[in-house]
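Descriptive analysis of the structure
Listed below are the residues making up each chain.
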Amino acid sequence: MRIDRQEARQQRRQRQRGPNGQVVVGLMVIALGVLFLLDNLGLLDFRYSMHFWPLVLVVIGVLKILQTRTAGGAMVGGALILLGGLMTLKGLGLVYVTWRTLWPILLIGAGVAVVYRSITGRRVFEVGVVRLDKADNWQDKGGGSGAQENAGTADKADKADDSVINVTAVMGSYASRVTSQHFRGGEVTAVMGGCEIDLRQSSLDGEAVLDVFALFGGIQIKVPPDWTVVLMGTPVMGGFEEKTIVPKDASKRLLIKGYAIMGGLEVRN
């Protein structure tokens, strides 16, 4: 039994070290080395090329848009692309943008968010529960007909059911306890903020997928001791840490995918 647990732990660690993270980090190191080489050969002014550093935000925004399956995630990705583009154009002298210009825009955006929430009763980033009959992107691994069976009662279950979560924290914190006995996964985004998701009172049927995205922020996920956690994320100047115990069987698996960019993810019991 002890040998089986050690083998399971080793297989899990090998999956955590998948090639995706190594490829991203390797490409970044190669690009930096090429810039220094061209600068030393006199073919490129490295100081001038530093004007293009905000393009990193554009790349991060594109990664987020490609990863997300929610409106809130798409808005976060679009905001990062817009910010990176404006900063790049400013560095090139094509546009003139200062904080004096930006803060009224942020104030207007905050006012729009307040009006939107007062009218619809929902946040702009739809934090919380996602409708089961519209969560087709999260596959039902256990029951086969999960979403179809719940389609008729989804309107009544929206406020109470948390089988699929969608959490977005921007420059703030979010803490929630999920008690669904048929957890199916979802998406957690933290940008310059933190999210804490407690799943210890939940259960799942077979397998669930949880997408995470941490940028200058942190995400902590607490899972039951009978869940097998498989990390398949890509840390970039950040970290993915899994501190759960190895269960006796792997009948319940939680796959965690995504990115930790100058941020961190911790999974524990």
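All of these numbers come straight from a predicted model, not from anything done at the bench.

**Overview of unusual backbone geometry**
Here the phi dihedral of Phe 216 falls at roughly 55°; this positive angle occurs in a residue that is not glycine. With respect to the secondary-structure elements, Phe 216 resides in the loop between β6 (207–215) and β7 (218–222). The exposure class assigned to Phe 216 is partly exposed, which follows from its relative accessible area of 43%. Here Met 237, not a glycine, exhibits a phi torsion of approximately 55°, which is positive. Along the chain, Met 237 falls in the loop between β9 (234–236) and β10 (239–242).

**Description of the packing of aromatic side chains**
A complete count under the given rule lists one aromatic pair for this structure. Ring centres 6.2 Å apart and planes at 20° place the aromatic pair Phe 183 and Trp 227 in the stacked group. In this pair, Phe 183 sits in the loop between β3 (173–177) and β4 (185–191) while Trp 227 sits in the loop between β7 and β8 (228–231), placing the two residues 44 residues apart along the sequence. Considered together, Phe 183 and Trp 227 belong to a single accessibility category, that of buried residues.

**Description of the pattern of salt bridges**
Applying the stated rule across the entire model yields ten salt bridges. A salt bridge links Glu 207 to Arg 253, with the shortest nitrogen-to-oxygen separation between them at 3.1 Å. Taken as a pair, Glu 207 in strand β6 and Arg 253 in strand β11 (residues 253–261) lie far apart in primary sequence, 46 residues in all. For Lys 243, the salt bridge is made with Glu 266, and the minimal N-O distance between the two is 3.0 Å. On the criterion of sequence distance, the pair formed by Lys 243 in the loop between β10 and β11 and Glu 266 in strand β12 (residues 264–268) is long-range, its members being 23 residues apart. With a relative accessible area of 17%, Glu 266 lands in the buried category. Three or more residues joined by partner-sharing salt bridges are found here, namely Glu 241, Lys 243, Glu 266 and Arg 268.

**As for the environment of Met 87**
Summarising the element assignment, Met 87 is placed in helix α5 (residues 71–91). The exposure class assigned to Met 87 is partly exposed, which follows from its relative accessible area of 30%. For the pair Met 87 and Leu 55, spaced 32 residues apart in the sequence, the C-alpha separation amounts to 8.4 Å. Setting aside chain neighbours within four positions, we find Met 87 in contact with Trp 53, Pro 54 and Leu 57.

**A word on α5**
Helix length check: α5, at 21 residues, gives a terminal C-alpha distance of 30 Å against a target of 30 Å (1.5 Å per residue), a fit within 8%. The set of residues buried in α5 consists of Gly 72, Gly 73, Val 76, Gly 77, Leu 80, Gly 84 and Thr 88. Mapping the buried residues of α5 onto a view down its axis gives an arc of 145°, with all of them on the same face. Buried residues belonging to α5 abut α4 (55–67), β2 (164–170), β4 and β6. Where α5 begins, one side-chain oxygen reaches toward the backbone nitrogen of Gly 73, 3.2 Å away; that side chain belongs to Thr 70.

**What about α4?**
Between its first and last C-alpha atoms α4 spans 18 Å; for 13 residues at 1.5 Å apiece the expected length is 18 Å, and the two agree. Among all positions in α4, only Leu 57, Val 58, Ile 60, Gly 61, Lys 64 and Gln 67 are buried. Where α4 is buried, its residues meet α5, β4, β6 and β11.

**Structural notes on the environment of Cys 195**
Along the polypeptide, Cys 195 turns up in strand β5 (residues 194–198). Exposure remark for Cys 195: the relative accessible area of 4% places this residue in the buried category. When the C-alpha positions of Cys 195 and Gln 220 are compared, they lie 6.3 Å apart, and in sequence the two are 25 residues distant. Cys 195 has contacts with Val 167, Ala 169, Tyr 174, Val 188, Thr 189, Ala 190, Gly 218, Ile 219 and Gln 220, leaving out every residue within four places of it along the chain.

Here is what the cut-offs are and how they apply
- Residues numbered from 1 in each chain as written.
- Predicted model: local features only at pLDDT ≥ 70, side-chain atom pairs only at ≥ 80, totals over all residues.
- Heavy atoms only, no water.
- Helix = DSSP H or I, 4+ residues; strand = E, 2+ residues; numbered from the N terminus.
- Buried < 20%, exposed > 50% of the residue type's maximum accessible area, 1.4 Å probe, protein only.
- Phe/Tyr/Trp six-rings, centres within 6.5 Å; stacked < 30°, edge-to-face > 60°.
- Salt bridge = Lys/Arg side-chain N within 4 Å of Asp/Glu carboxyl O.
- Contact = heavy atoms within 4.5 Å.
- Expected span 1.5 Å × (residues − 1).
- Arc of directions from axis to C-beta.
- Polar contact = N/O pair within 3.5 Å; in protein donor to acceptor, adjacent residues only side chain to side chain.

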